[in-house]
Protein chains: 2
Amino acid sequence: MKGIIENNENYQPGLSIDCVIFGFHDNQLKVLLIKTPYEHKWSLPGGFIPIDEDIDTAAVTVLNERTGIDGIFLRQFAAFGKVKRNDQHFGKAVLEHYKIPEEAGKWFTQRFVTIGYYALVDFLKAIPQKGNSQEIIDWIDHKEVPELILDHKQILDKALNTLRIELNLMPIGYNLLPEKFTIPELQKLYETILDKKLDRRNFLRKITNIGILTKLDEKKSNVAHKAPNLYTFDKDKYDEVLKNGLNQGW
Amino acid sequence: MKGIIENNENYQPGLSIDCVIFGFHDNQLKVLLIKTPYEHKWSLPGGFIPIDEDIDTAAVTVLNERTGIDGIFLRQFAAFGKVKRNDQHFGKAVLEHYKIPEEAGKWFTQRFVTIGYYALVDFLKAIPQKGNSQEIIDWIDHKEVPELILDHKQILDKALNTLRIELNLMPIGYNLLPEKFTIPELQKLYETILDKKLDRRNFLRKITNIGILTKLDEKKSNVAHKAPNLYTFDKDKYDEVLKNGLNQGW
DNA sequence: TTACATTGCGTCATTATAACACAATTAAAA
DNA sequence: TTTTAATTGTGTTATAATGACGCAATGTAA
């Protein structure tokens, strides 16, 4: 933040990035959110775009800084550019907190357009990183997201909606689950994202027919009831399906 | 253009809009392209964003100015923000042509991010409008698009690709065809967009099963061979399907 | 009058989907 | 130790969707 206050001519003016980072844990679809001490609401992790960086690169940077992982599944899904989307932000809390003089503050109070990215990450590998010591960063169940700043709730909703649609076009799971997982776990992931129950047996048939799963000669241990079999993704086939898409339609 | 040269502080800096406007005619999917006398290549119709306008509104304005129609099907599909996407543009031809002094020209030579929209319009209702007398604006078959400026070819490709995917998620045709049309015409539209042949009989079955077509008691006249029946879209059902989507997948 | 391209309507085999049955496994309760 | 309950693995069956065709009707042009 300090760098940009002093050298905002090095950043793309009026343009920001916001990331909706999804993780899956305890049968919950979680979102990585941030709370700064000078704001009363939570917000999506975001950032500005150095003028000498591609916007995608800037998004990767935000994500990497916040989760500590590389090679993340990251997709741009929409740009948000309503005139009034940030008209009462930065104007108060942030500028005061950073003691930014009015003239320099104009850079922050201008009308901002933001580009939304969503990411799918392995909850156990992603370690939430604070931007500074006063920040709080945490995984929050998407069903219990508190009030967010600006239009961040809309951005989050749109991201989830996009994810739901893309679920029908491509396989997911590789990015959200640990290397070894069970079919019921994968099903829970789908059910959680879609917010609806699926039939166990039909799910198994459909997911295995895609041809991206490898059944391991190993069962999950330390579980109540019957121990489910473990699977991994066949990465080559997975990537092929990712590239070519699932349902052809016409 | 004049307004923005003198009052560029009224526009969102470093951000533009580009529109991929599709029309369907003579069994060709056509794109509305522009050629300015001071450029050797063609370009997508685009524009800048007034700081007091939503980006979507700015896109509607561009579209309306270029086609003369309202109530257009218009969708934002991606933002393009590679660092070098406009590094050799504006720097020469445009600035010279408009005799923009170097200082004022900096606004145009800065790094630009552009937001891509695609539109579907009725070819016969859309009348290409020149921005000024020296411009050429024309419908060009998407298979014969000449070399375009900057990354406009990529933007066009991405738009078409998005359209192909969305064809499986929603009905189209209402925006691209005249009010009355035949099934073979609708099929040609699909085939042209997808660039593949479809079976007549299966197409009829599938498209009618969607329940968005109304068969008219009228046949197309002045045609070679057997006169095909005319149809219209049932707008209520069409909109309902548009809203809810076609294939559920999971 | 005939040839030909196109339309309208239909069949049939295959595949995909939805709904459901039952046995096996394992922790916890009785 | 036995029983209960939850969960997993592996089916079956009926229905719907899809892909690959056949054939007669229509209207232009040879």
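Every value quoted in this text rests on a predicted model; they were computed, and no experiment measured them. (Residues numbered from 1 in each chain as written. Chains lettered and ligands numbered in written order. Predicted model: local features only at pLDDT ≥ 70, side-chain atom pairs only at ≥ 80, totals over all residues. Heavy atoms only, no water.)

Another point: the protein's contact with DNA strand C. Lining the immediate surroundings of DNA strand C are 19 residues, of which Arg201 and Arg205 of chain A together with Arg200, Arg201 and Asn229 of chain B lie closest. Counting only atoms of DNA strand C within 4 Å of the protein, the fraction found in sugar and phosphate groups is 44%. Here a base nitrogen of DNA strand C sits 2.5 Å away from a polar atom, N or O, in the side chain of arginine 201 of chain A. Examining the composition of the surface near DNA strand C, we find that four residues originate from one element, helix H7 (residues 200–209) of chain A, more than from any other. The residue inventory of the surface near DNA strand C, partitioned by class, reads five nonpolar, four polar and ten charged. (Near = heavy atom within 4 Å. Polar contact = N/O pair within 3.5 Å; in protein donor to acceptor, adjacent residues only side chain to side chain. Helix = DSSP H or I, 4+ residues; strand = E, 2+ residues; numbered from the N terminus. Nonpolar A, V, L, I, M, F, W, Y, C, P; charged D, E, K, R; others polar.)

Residues and elements named next belong to chain A. Inspection of the secondary structure puts lysine 30 in strand E2 (residues 28–35). At 5.3 Å, aspartate 26 is the nearest oppositely charged side chain to lysine 30, a buried residue that forms no salt bridge. A distance of 2.7 Å separates a polar atom in the side chain of lysine 30 from a polar atom in the side chain of glutamine 28. Ignoring sequence-local partners within four residues, the contact set of lysine 30 consists of Ile21, Phe22, Gly23, His25, Phe123, Trp139, Ile140, Asp141 and His142. (Buried < 20%, exposed > 50% of the residue type's maximum accessible area, 1.4 Å probe, protein only. Lys, Arg positive; Asp, Glu negative; His and termini not counted. Salt bridge = Lys/Arg side-chain N within 4 Å of Asp/Glu carboxyl O. Contact = heavy atoms within 4.5 Å.)

As a further point, take the domain arrangement of chain A. Residue and element names in this part refer to chain A. What the domain assignment lists for chain A is domain 1 (2–166) and domain 2 (183–244). Here the C-alpha centre of domain 2 lies 31 Å away from the C-alpha centre of domain 1. Contact with domain 1, which involves ten residues of that partner, is made by eight residues of domain 2. Among the residues domain 1 hides against domain 2, the three largest losses belong to Phe24, Asn27 and Arg164. Together they make up 56% of the total. Across the domain 1-domain 2 interface, the total number found is one salt bridge. (Domains from an automatic or database assignment. Buried area = accessible area lost by both parts, 1.4 Å probe.)

In this section: the relation of the copies chain A and chain B. Its rotation angle being 180°, the transformation that places chain A on chain B also includes 0.0 Å of axial translation and leaves an RMSD of 0.0 Å. The symmetry that links the two subunits is that of a two-fold axis. The overlap is high: 100% of the interface residues of chain A also sit at the interface in chain B, so the same surface is used on both sides. (Least-squares fit on C-alpha atoms with pLDDT ≥ 70 in both.)

This part takes up unusual backbone geometry. Residues and elements named next belong to chain A. The phi angle at aspartate 195 is positive, at roughly 60°, despite the residue not being glycine. Tracing the sequence through the fold places aspartate 195 in the loop between helix H6 (183–194) and H7. In this structure aspartate 195 comes out as partly exposed when scored by relative accessible area, which is 44%.

For the rest of this paragraph, the subject is the packing of aromatic side chains. Residues and elements named next belong to chain B. Considering all chains together, one arrives at 36 aromatic pairs over all chains under this definition. Ring centres 6.1 Å apart and planes at 55° place the aromatic pair phenylalanine 73 and tyrosine 118 in the tilted group. In this pair, phenylalanine 73 sits in strand E4 (residues 73–80) while tyrosine 118 sits in strand E5 (residues 113–120), placing the two residues 45 residues apart along the sequence. Phenylalanine 73 sits in the buried class, given a relative accessible area of 9%. When the ring of tyrosine 174 is compared with that of phenylalanine 233, the centres are 6.2 Å apart and the planes differ by 70°; the resulting orientation is edge-to-face. Residue tyrosine 174 is found in the loop between helix H5 (152–166) and helix H6 (183–194), and its partner phenylalanine 233 is found in strand E8 (residues 229–233); the two are separated by 59 residues along the sequence. (Phe/Tyr/Trp six-rings, centres within 6.5 Å; stacked < 30°, edge-to-face > 60°.)

Opposite the 38 residues of chain A that make contact, chain B presents 38 residues. Of the roughly 2900 Å² buried between chain A and chain B, counting both surfaces, carbon and sulfur atoms make up 55%. The three residues of chain A that bury the most area against chain B are Gln12, Arg111 and Trp250 of chain A, which together make up 28% of that side's buried surface. At the junction of chain A with chain B, the criterion picks out two salt bridges. With a closest N to O distance of 3.8 Å, aspartate 54 of chain A and lysine 82 of chain B form a salt bridge. At the junction of chain A with chain B, the criterion picks out 22 residue pairs in polar contact (both at pLDDT 80 or more). Of all the elements in the fold, those that place two or more residues in the side of chain A that touches chain B are strand E1 (11–25), strand E4 (46–50), strand E5 (73–80), strand E6 (113–120), H6 and H7 of chain A. Of the residues contributing to the side of chain A that touches chain B, the split by class is 22 nonpolar, nine polar and seven charged.

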